[in-house]
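# Structure at a glance
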Amino acid sequence: MSSPETLTLASVQEAHKLIKPFIHQTPVLTSTYINTLASTPQTPESLSNTEWSGQTPSNPILRIHFKCENFQRIGAFKARGAFHAIERLKQSPDFDPSRGVVTHSSGNHAQALSLAAKTSSIPAYIIMPTISTPSKIAATLSYSAQITFSGPTAPEREAAAQKIISSTGAALIPPYDHPHIIAGQGTAALELLSQVPTPLNAIITPCGGGGLLSGTALACSESKTKVFGAEPSFEGADDGKRGYYSGKRVEAVKSLTIGDGLRTPVGKIPWSIIYERRLVDGMYSVTEDQIRAAMRLVYERLKVVVEPSAVVGLAVALYNEDFRKMVEQEGGEEGWDLGVVFSGGNVSLAALGELFKDQ
């Protein structure tokens, strides 16, 4: 599994075998209330100021299965890719553990790599943007990582990481644009497919850098399960969607969406799986208010802690009329069993208060 071209379902299956001792098999939850809500047409009034204004609301039938990666180690799916990358690196004869590993991340991958490295007594050097969530910085420090702060853009992060590599010889483990990371992230969907008693018609995941989405696509590549990506639309954070439908990868994103884990552009390797190999069936986006509404629903009905990035897939299923019409047309009277991946739950109580203070 040394190159993107060799990534397959088997790559994900092999990754799962390797990381099983280090990760949790997270639960799958369902909610009759949310299924009923998702299977009820939106009101014409709720669509009045949207692109679907004046259209007859769709009426899909949806049974949603939530893969709760908020219960994963470090509170996010990122633990899967990080442990897989570390375990693969340890198998390489060229790797010197004493030199450590380095990455750049706004939070969840930073925590994941720090934990994976600490588990194997390997030094971890983490580049974090100065605008990173304080709770994610504190959590990363708790795993004994050495943090260097940088500007928020990808070039600034990468330049800071290169300085660390030059001075320490540390091995770079990117947050999403790496075959081992992608195969590891795909193990969440691999588990989900085995945990639901009936075959899933589709799985929808958040898409930031694309590691989770492309890994999910690999996990479903030999099944009839369709795969979709979900993004915030705020300030162009829907780069994956725009790239997917224009045929050209968007290389830069400057968005301060509340879905802070989804502010990065889709990486080259994920793009090759998502778009060039056509393993993803579509991309959809939602507004900030729709993300908040989905978060509130999860807190009040499922009683679980999720971060804004985690609920974009649910928001698409509830509010995006293009997606809902597609489900209505393809699912008909039988409807769809839809897997929704909750990517993480790393949000502070203070941040939650800010998100909902005016609602």
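Treat the numbers as computed from the prediction; the structure is a model and nothing was measured.

### Some remarks on the overall build of the protein chain
A count of helical and extended segments in the protein chain gives 15 helices and 10 strands. Over its C-alpha atoms the protein chain spans a radius of gyration of 19 Å, differing by no more than 12% from the 21 Å that the globule rule assigns to 359 residues. Projected onto its principal axes, the C-alpha coordinates of the protein chain cover approximately 60 × 45 × 40 Å. Here the protein chain holds 359 residues, and 60% of them are scored as buried. A separation of at least 24 residues holds for 75% of the contacts in the protein chain among residues at least 6 apart in sequence. As presented, the protein chain carries roughly 14600 Å² of accessible surface, and 52% of it is formed by carbon and sulfur atoms. The averaged location of the 34 negative side-chain charges in the protein chain is 5 Å from the averaged location of its 32 positive side-chain charges.

### Let's talk about the sheet that holds strand β2 (residues 62-68)
Pairing within the open sheet is mixed, and its six strands lie in the order β1-β2-β10-β7-β8-β9. The open sheet terminates on both sides in strands that have one partner only, identified here as β1 (28-29) and β9 (282-286). Strands β7 (202-206), β8 (226-232), β9 and β10 (336-342) of the sheet are contacted by helix α9 (residues 211-219), whose axis makes an angle of about 160 degrees with β7. Packing of helix α10 (residues 239-246) onto the sheet brings it into contact with β8 and β9, and relative to β9 it is tilted by some 140 degrees.

### Section: the packing of aromatic side chains
Tallied over the entire structure, the rule returns nine aromatic pairs. Measuring from centroid to centroid gives 4.9 Å for Y244 and Y245, while their planes differ by 75 degrees, and the two rings are edge-to-face. Summarising the aromatic geometry, the rings of Y244 and Y275 are spaced 5.9 Å apart at their centres and angled 80 degrees between planes, so their arrangement reads as edge-to-face. Pair noted here: Y244 is in helix α10 and Y275 is in helix α11 (residues 268-276), with a separation of 31 residues, a long-range link. By the ring-pair criterion, three or more aromatic residues cluster together here, those being F228, Y284, F323 and W336. Sitting over the ring of Y244, R278 keeps its end group 5.1 Å from the ring centre. Sitting above the plane of the Y33 ring, R301 keeps its charged end 3.6 Å from the centroid.

### A word on the pattern of salt bridges
Scanning the model with the defined rule gives 15 salt bridges in all. For K226, the salt bridge goes to E330, with nearest N and O atoms at 4.0 Å. Here K226, found in strand β8, pairs with E330, found in helix α14 (residues 321-331); they are 104 residues apart in sequence, far enough to count as distant. Here K226 falls in the partly exposed class, since its relative accessible area comes to 27%. The class for E330 is partly exposed, based on a relative accessible area of 46%.

### Looking at the sheet that holds strand β3 (residues 101-104)
Read across the open sheet, the four strands follow the order β5-β4-β3-β6; overall the sheet is parallel. In this open sheet, the two edge strands, each paired with only one partner strand, are β5 (146-150) and β6 (171-172). Here strand β4 (residues 124-129) pairs with β5 via five bridges, running parallel. Each bridged residue has a counterpart across the sheet, and for M128 the counterpart in β5 is F149. Packed onto the sheet, helix α6 (residues 154-168) meets β3, β4, β5 and β6 and runs at close to 160 degrees relative to β4.

### Notes on the side chain of E191
Position of E191 relative to the elements: it lies in helix α8 (residues 187-195). Note on E191: relative accessible area 3%, which makes it buried. Of the polar contacts made by the side chain of E191, one reaches the side chain of H16; its length is 2.9 Å. In this view, E191 contacts H16, I23, H24, Q25, T26, K67 and R80; residues no more than four positions away in its chain are not counted.

### Notes on the UniProt feature "domain: Tryptophan synthase beta chain-like PALP" (unreviewed entry) in the protein chain
Residues given the UniProt feature "domain: Tryptophan synthase beta chain-like PALP" (unreviewed entry) here are residues 63-322. Helix makes up 45% of residues 63-322 and strand makes up 15%, while its end C-alpha atoms are separated by 18 Å.

### What about helix α1 (residues 9-19)?
All buried positions along α1 are accounted for by L9, S11, V12, A15, H16 and I19. Down the axis, α1 shows its buried residues gathered within 160 degrees of arc, on one side only. Here the buried face of α1 lies against α3 (78-90), α7 (179-185), α8 and α9.

### Some thoughts on the domain arrangement of the protein chain
Splitting the protein chain by domain gives domain 1 (28-67 + 196-356) and domain 2 (77-172). At the junction of the two partners, domain 1 supplies 10 residues and domain 2 supplies 10 residues. For the pair domain 1 and domain 2, the two sides together bury roughly 840 Å², of which 49% comes from carbon and sulfur. When residues of domain 1 are sorted by the area they lose upon contact with domain 2, D260, S343 and N346 head the list and together hold 44% of the total. The interface formed by domain 1 and domain 2 holds two salt bridges in total. In this structure, K136 and D260 form a salt bridge, with 3.1 Å as the shortest nitrogen-oxygen distance. Across the contact surface, domain 1 and domain 2 share five residue pairs in polar contact (both at pLDDT 80 or more).

Reading the values: the criteria
Residues numbered from 1 in each chain as written. Predicted model: local features only at pLDDT ≥ 70, side-chain atom pairs only at ≥ 80, totals over all residues. Heavy atoms only, no water. Helix = DSSP H or I, 4+ residues; strand = E, 2+ residues; numbered from the N terminus. Rg over C-alpha atoms; globule rule 2.2 N^0.38 Å. Buried < 20%, exposed > 50% of the residue type's maximum accessible area, 1.4 Å probe, protein only. Contact = heavy atoms within 4.5 Å. Areas by Shrake-Rupley, 256 points an atom, 1.4 Å probe, with all protein chains shown as cover. Lys, Arg positive; Asp, Glu negative; His and termini not counted. Charge placed at Lys NZ, Arg CZ, Asp CG, Glu CD. Pairing = 2+ DSSP bridges. Axes fitted to C-alpha atoms, helices over the stretch in contact; angles between N-to-C directions. Phe/Tyr/Trp six-rings, centres within 6.5 Å; stacked < 30°, edge-to-face > 60°. Lys NZ or Arg CZ within 6 Å of the ring centre and 35° of its normal. Salt bridge = Lys/Arg side-chain N within 4 Å of Asp/Glu carboxyl O. Polar contact = N/O pair within 3.5 Å; in protein donor to acceptor, adjacent residues only side chain to side chain. UniProt positions renumbered as here; feature names shortened; annotations may be inferred. Arc of directions from axis to C-beta. Domains from an automatic or database assignment. Buried area = accessible area lost by both parts, 1.4 Å probe.

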